[in-house]
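Commentary on secondary and tertiary structure
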Amino acid sequence: MQKLYLRSLGLLFLLCTLSATAWAQVSVTGTVTDDAGLGLPGVNVVVVGTSSGTITDLDGNYTLSAPADGTLRFSYTGFGSQEVLIDGRNRIDVTLSTDAGLLDEIVVVGYGSQGRESVTGAISAVDSEALTEVTTPNLGEAIQGRLAGVQVIANGAPGDAPQIQVRGIGSINFGSGPLIVVDGVPGAGGLNQFDSRDVESITVLKDASSTAIYGSRASNGVLLVTTKMGSRNQPIRISAETTLGVQTQPERYEGFSTADYVDYAEVLSGIPLARPLDEVPPGETVPYRQQQVDYQDALFQDGLLTQNSLHVSGGSDRSSFFSSFGYLRQEGVIIGGGYERFNFRINSRHDLVESGRFRFTQTLSIANDERNGLENNLLRDAVQSIPYLPIRNPNNIGGFNGAQQGLDSADPRNPIRNALQEINRTRTTRLFGTAALEYDIIGGLTGRVLISANNQIFRTYNQDPIYQATVSNDINVITEQRSNDYSPLYSGQLTYDRIIGNHSINATAVGEIQESYNGFMSVQGNHTTNGLVNLEGATITAGTTTRRKTVLQSALGRFTYGYKGRYLISGSVRRDGSSIFAPGNGTEIFPAGAVAWRISEEPFMRDTRVSTLKLRVSYGRTGSIGLNPYNFQAPIQQTIGAVLGGDGVPVLGAYINDLANTQLSWEITDMLNVGLDVGFLNNRLNFSMEYYDREVDNLILDIPLSPSFGPDGTSVNIGAMRNTGVEFQGQFFSPRSQTFVWNVSANLSTNTNEVLRLAVEDGAIFFGRDEVGQGYTGEFDPTITRVGDPVFSFYGFETDGLYQSVDEINAANALDDDPSTSFQDNASPGDVRFVDQNGDGRITEQDRVILGSYLPDFTYGLNFTGSLRNFDLSLFLQGSQGNDIYNGFRSLRYQTTRLFNGAPEKFLDAWTPQNTSTDVPRVALTDPNNNRRMSDRFLEDGSYLRLKNITLGYRMPFGGDSPIANLRVYISAQNAITLTGYSGLDPEIGQITGGLVGFDAGRYPVARSFLCGLQLGF
């Protein structure tokens, strides 16, 4: 493996070449007109391969500085674009013709590209301009709300990747994220390792006819990331962009004042607090009773956000290149965290012979990032902290305070100490490169060979130092983890593309091998002083190493045929063989097919006002691996507990806890898609509509076994579920003869999920109690998965107000005709009354019902862009409607099981015999009725509409001999306004773990950002 690794890297570096041409500037002026000779205002005039450019004025005139041998691109939505070689001229006039084929641009598909008019599947794309509107460390957030059928839920913490789903959830036990393909390489890393300004486009393949070309990894959709390349006949150009701003979180949870907290504590516990509240805390000047400490304000901060990029590009008549340097820093809105990334890229392509038949293309990117992670419970600790207790205590080791159970009757941890003293740092270094040779063998037949290497090195450093606080630590614990992932890809491809009369033929055949090597090491050690921060000299207490290897061998083919540009048919088949599954059971075939009818090309449509009308139907099969390597084998676990011989001393033993299943295979998705594309007004108004039916079969589920059998259980391909939905995407472009040029686009998506089959027909999968902690759910699992309902539905008790008297409780006890039996155990006046769903006269676990679902009725996005002379404006809204959120954090704030700070109304508006007109239950230590249990009390509507981004820019006009070709300044606000009825800090609730989505356990909120930026080109 080491030789292979070195050879691959050596080849990539050897083939990274740079071509440059001379630098000479001329001033170019001209007029852009339409077919009628009228000047067109607002036309984009850009120097190809750079960000330098301008827009035409009211009369269609323009002036800019450009290289004498450069190329100008004139583009105007609704009109055909033109590229014109400057060739040293000072005046260039251009006439743009109305483009009746506005939608006929080139789109990236798997293992190639197609004209939009030839696409038969469901494909959506986002270009570089839209991707860079939002300043974010992750490309996933840049596409949020922009594509129908693609749901993105942001995770607010710096460096955290968002949750991305294409057409619903695709698995119960495994991830449902899409396959990411970067410059033709599948599985080439996460979306937070790329500078958004380096990306040319992101294309999303949604239906099976589009994704089946990627076979066993495409069940959850495919994201194709294409990075930028330079342009030929372009001298070296330099452009820079910098963005600087602040992120903030102004919302806070309401907490007790010190006086109210003391009253609440003494009522709940029934005795005065032991802490002498009239004493002055160490390092303070006023006594405890006069302190009013806001731990939330101390935890939150206004954090810096900056992104900086430098681009260099150029090209000759046979070569081109694009290179970039980038730096991003995000401090976050909670102290102690943060994310920082450096990145470098060099892409180039070359004609190796003058005829252009033999070509070479390479990409190379290097990224190094560092993330300071934070514990998930910091916000919980801040909300529960005691308002009279100062944050710091100079008498304690480490200098932080901590509650004491004996003095305060409560023991919340000090979140400020945790955030500032404990270190959880992860550094990632990534080297990714590709090298490809292409040769035009004979008319229409092209051969291509691609190799790539993706190497990622992860280093995690954790330190839990010595300190004194609520829970003291007398040992400095250091943990270091190292992981190295290396994945080479070898691919050979033949493509035949010809037009013969009325017939268009495109055929592709590919064979490839992708390997993956992983090595992992973890070591933990102890020091007796905080001054030692490395493992050197530590007392080693734990250590482990693992090594893994997987191989995926694939052969695939695709055929597309068109007749007269009206009737299109395509088909593909891929055969994958994976080492993850047991020998003899590791291969699968994934076929797909599609047909399309361009009705607008029929003779009977020529005199209509319809510019585009195309009907598409597709069906195909894809797969999802999900499993880790060697999961088909029974793992052997070690334990100390075996007693051998007569001395009775336990020794190290081993046992098998799970039954192996060598028949495990892929989870399989079959999908039907029906689509319609419509365009009017020369496609200035256009729509796309989709309907899909996606059935996932062979879901891998865990089946428990009888205790007498030995192992606890085994995994089997046995489950099934279905996702159905509709998607709508539309856009309108204003007439370009107007002074104010604008366009608007919108999308809307629905998804309905239903579980079709589990291991047992009437069985259910309960999930989430252990993952979030019983304090949020009252000892009950918060979700259920069962046949006929959506996956991971919220599950609990319905409520029916509060008991107002003992007579009400006695009446409920008599509902089963036996007053001596208890209807609801431990209920007292002021407790929550739960609904008896099965009518047996008892409140038990059997009375739980489905309360709601985190899945929305629909998601949507709305984007507006406009320009007036040198000003430009973009506005982007995104939202979700009909999804439920279980506010577990509200449940925790309302609990009275133990003494903690929380929601003031749980005391100030609690039920008492004198305050019965309330829905807040009584204050009762230990909460004997379990009022905080999983119920509809804490289920809320999670719908929201968010102003995701608003940007106002101004482009400075330059001309003549100015060395500056482009200068644009802008201001921007992200997540500026959120309209929602949800009571938590943020309604965008991501995934906690597994399938637990939409459960608010005090998550890191999505921040507001206020930014300014500068774009500069030479």
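Not measured: the values here are computed from a predicted model.

**Structural notes on the overall build of the chain**
Each helix and strand counted, the chain has 13 helices and 52 strands in total. The globule rule puts the C-alpha radius of gyration for 1018 residues at 31 Å, and the 32 Å found for the chain is close to it. Projected onto its principal axes, the C-alpha positions of the chain cover 95 × 70 × 65 Å. For the chain, the proportion of its 1018 residues judged to be buried stands at 53%. Contacts spanning at least 24 positions in sequence make up 70% of the contacts within the chain whose residues lie at least 6 apart.

**With respect to the environment of glutamate 988**
Topologically, glutamate 988 is positioned in the loop between β49 (966-980) and β50 (991-993). A relative accessible area of 2% places glutamate 988 in the buried class. For the pair glutamate 988 and alanine 298, spaced 690 residues apart in the sequence, the C-alpha separation amounts to 24 Å. Discounting chain neighbours no more than four positions away, the residues touching glutamate 988 are Gln144, Val152, Ile153, Ala154, Tyr944, Arg946, Arg1003 and Val1006. Looking at glutamate 988, its side chain comes within polar contact range of the side chain of arginine 946, at 2.6 Å.

**Considerations on the pattern of salt bridges**
As enumerated under the stated definition, the model contains 47 salt bridges in all. In this structure, the salt-bridge partner of aspartate 677 is arginine 616, at a minimum N-O distance of 3.1 Å. One end of the pair, aspartate 677, is in strand β33 (residues 667-680); the other, arginine 616, is in strand β29 (residues 610-624), with 61 residues separating them in the sequence. With a relative accessible area of 10%, aspartate 677 lands in the buried category. Judged by relative accessible area, which is 2%, arginine 616 ranks as buried. With its nearest N and O atoms 2.9 Å apart, the salt bridge here joins arginine 833 to glutamate 808. Here arginine 833 is found in strand β42 (residues 832-834), whereas its partner glutamate 808 is found in helix α11 (residues 806-813), with 25 residues between them in sequence. Of the residues examined, arginine 833 reaches a relative accessible area of 22% and is grouped as partly exposed.

**Considering the sheet that holds strand β5 (residues 71-75)**
Spatial strand order, β3-β2-β5-β6: 4 strands in an open sheet with antiparallel pairing. With partners counted over all chains shown, the strands left at the sheet margins are β3 (53-55) and β6 (82-85), one partner each. The sheet shows a mean angle of 20° between the axes of neighbouring strands, direction not considered. Bridge count between strand β2 (residues 44-47) and β3: 3 bridges; the pairing is antiparallel. Within the sheet, the bridge partner assigned to valine 46 lies in β3 and is glycine 53.

**Here we look at helix α5 (residues 258-269)**
Structurally, the α-helix is built with 3.6 residues per turn, so residues lying three or four positions apart point the same way. End to end, α5 covers 16 Å across 12 residues, agreeing with the expected 16 Å (1.5 Å per residue, within 8%). Those residues of α5 that fall on the buried side of the exposure criterion are Thr258, Tyr261, Val262, Tyr264, Ala265 and Leu268. Considered in projection along α5, the buried side chains sweep an arc of 165° and stay on one side of the axis. Away from its buried face by more than 90 degrees, α5 exposes Ala259 and Val267. Of the surrounding elements, those touching the buried residues of α5 are α13 (905-908). Within two residues after α5, glycine 270 carries a phi angle of roughly 85°, on the positive side.

**Overview of the sheet that holds strand β10 (residues 123-127)**
Pairing is mixed across the open sheet formed by 5 strands, whose spatial order is β10-β15-β16-β13-β14. Across the chains shown, the open sheet's two edge strands, defined by having one partner strand only, are β10 and β14 (185-186). Bridge analysis of strand β15 (residues 199-205) against strand β16 (residues 222-227) gives 6 bridges, and the strand direction is antiparallel. Counterpart to valine 199 in the pairing with β16 is threonine 227.

**Digging into the UniProt feature "domain: TonB-dependent receptor plug" (unreviewed entry) in the chain**
Sequence positions flagged by UniProt for "domain: TonB-dependent receptor plug" (unreviewed entry) are, in local numbering, residues 117-222. Secondary structure content for residues 117-222 is 11% helix and 25% strand, and the end C-alpha separation is 21 Å.

**A look at the side chain of threonine 783**
With respect to the helices and strands, threonine 783 occurs in strand β39 (residues 783-786). Judged by relative accessible area, threonine 783 falls into the buried class, the value being 1%. Within the local environment of threonine 783, its side chain forms a polar contact with the backbone oxygen of phenylalanine 767, the two atoms lying 2.9 Å apart. With residues near it in sequence (within four places) discarded, threonine 783 still touches Ile765, Phe766, Phe767, Phe792, Ser793, Phe794, Tyr795 and Leu996.

**Overview of the pairing of strand β20 (residues 338-351)**
Along β20, 10 of the 14 residues are buried, which leaves the element largely enclosed by surrounding structure. Two elements, strand β19 (residues 319-330) and β20, share 12 bridges in a ladder whose sense is antiparallel. Pairing of tyrosine 327 across the sheet is with phenylalanine 342, part of β20. As paired strands, β20 and strand β21 (residues 358-372) are joined by 14 bridges and run antiparallel to one another. Across the sheet, the residue bridging to glycine 338 is asparagine 372, located in β21. Linking two consecutive strands that pair antiparallel, namely β20 and β21, is a turn of 6 residues; a positive phi of about 80° is found at glycine 356 within it.

**Digging into the side chain of serine 935**
Here serine 935 shows up in the loop between α13 and β47 (939-941). Given the relative accessible area of 0%, serine 935 is considered buried. Those residues in contact with serine 935 that sit more than four places away from it in its chain are Phe797, Thr799, Phe834, Leu851 and Tyr886.

**Some remarks on unusual backbone geometry**
Among all residues except glycine, the phi angle is most often negative; among peptide bonds, the trans geometry is most common. Positive phi, normally seen in glycine, also occurs at aspartate 87, with a value near 55°. You can see aspartate 87 is positioned in the loop between β6 and β7 (94-95). Residue aspartate 87 is classed as exposed on the basis of its relative accessible area of 59%. One non-glycine residue, aspartate 183, adopts positive backbone phi at about 50°. Checked against the element boundaries, aspartate 183 lands in the loop between β13 (179-182) and β14. By relative accessible area, which is 17% here, aspartate 183 ends up buried.

**Comments concerning the pairing of strand β27 (residues 567-578)**
As paired elements, strand β26 (residues 539-563) and β27 share 12 bridges and run antiparallel to each other. Paired with alanine 555 across the bridge in β27 is arginine 575. Counted between consecutive antiparallel strands, the loop separating β26 from β27 contains 3 residues, among which lysine 564 sits at a positive phi close to 55°. Strand direction decides the pairing type here: β27 and strand β28 (residues 587-598), joined by 11 bridges, are antiparallel. Bridge pairing in β28 places isoleucine 569 opposite valine 595.

**Quick notes on the environment of arginine 217**
Mapping arginine 217 onto the fold places it in the loop between α4 (208-211) and β16. With sequence-adjacent residues up to four places away left out, arginine 217 is seen in contact with Leu179, Pro186, Glu512, Gln514, Leu552, Arg574, Gly623 and Ile625. Engagement of the side chain of arginine 217 in a polar contact is seen with the side chain of glutamine 514, the distance being 3.0 Å.

**Observations concerning the packing of aromatic side chains**
Summed over all chains, the structure comprises 31 aromatic pairs. The residue whose ring lies beneath arginine 833 is tyrosine 803, and the NZ or CZ to ring-centre distance is 5.4 Å. Note that arginine 946 overlies the ring of tyrosine 944, its terminal NZ or CZ placed 5.4 Å from the centroid.

Basis of the calculations
Residues numbered from 1 in each chain as written. Predicted model: local features only at pLDDT ≥ 70, side-chain atom pairs only at ≥ 80, totals over all residues. Heavy atoms only, no water. Helix = DSSP H or I, 4+ residues; strand = E, 2+ residues; numbered from the N terminus. Rg over C-alpha atoms; globule rule 2.2 N^0.38 Å. Buried < 20%, exposed > 50% of the residue type's maximum accessible area, 1.4 Å probe, protein only. Contact = heavy atoms within 4.5 Å. Polar contact = N/O pair within 3.5 Å; in protein donor to acceptor, adjacent residues only side chain to side chain. Salt bridge = Lys/Arg side-chain N within 4 Å of Asp/Glu carboxyl O. Pairing = 2+ DSSP bridges. Axes fitted to C-alpha atoms, helices over the stretch in contact; angles between N-to-C directions. Expected span 1.5 Å × (residues − 1). Arc of directions from axis to C-beta. UniProt positions renumbered as here; feature names shortened; annotations may be inferred. Phe/Tyr/Trp six-rings, centres within 6.5 Å; stacked < 30°, edge-to-face > 60°. Lys NZ or Arg CZ within 6 Å of the ring centre and 35° of its normal.

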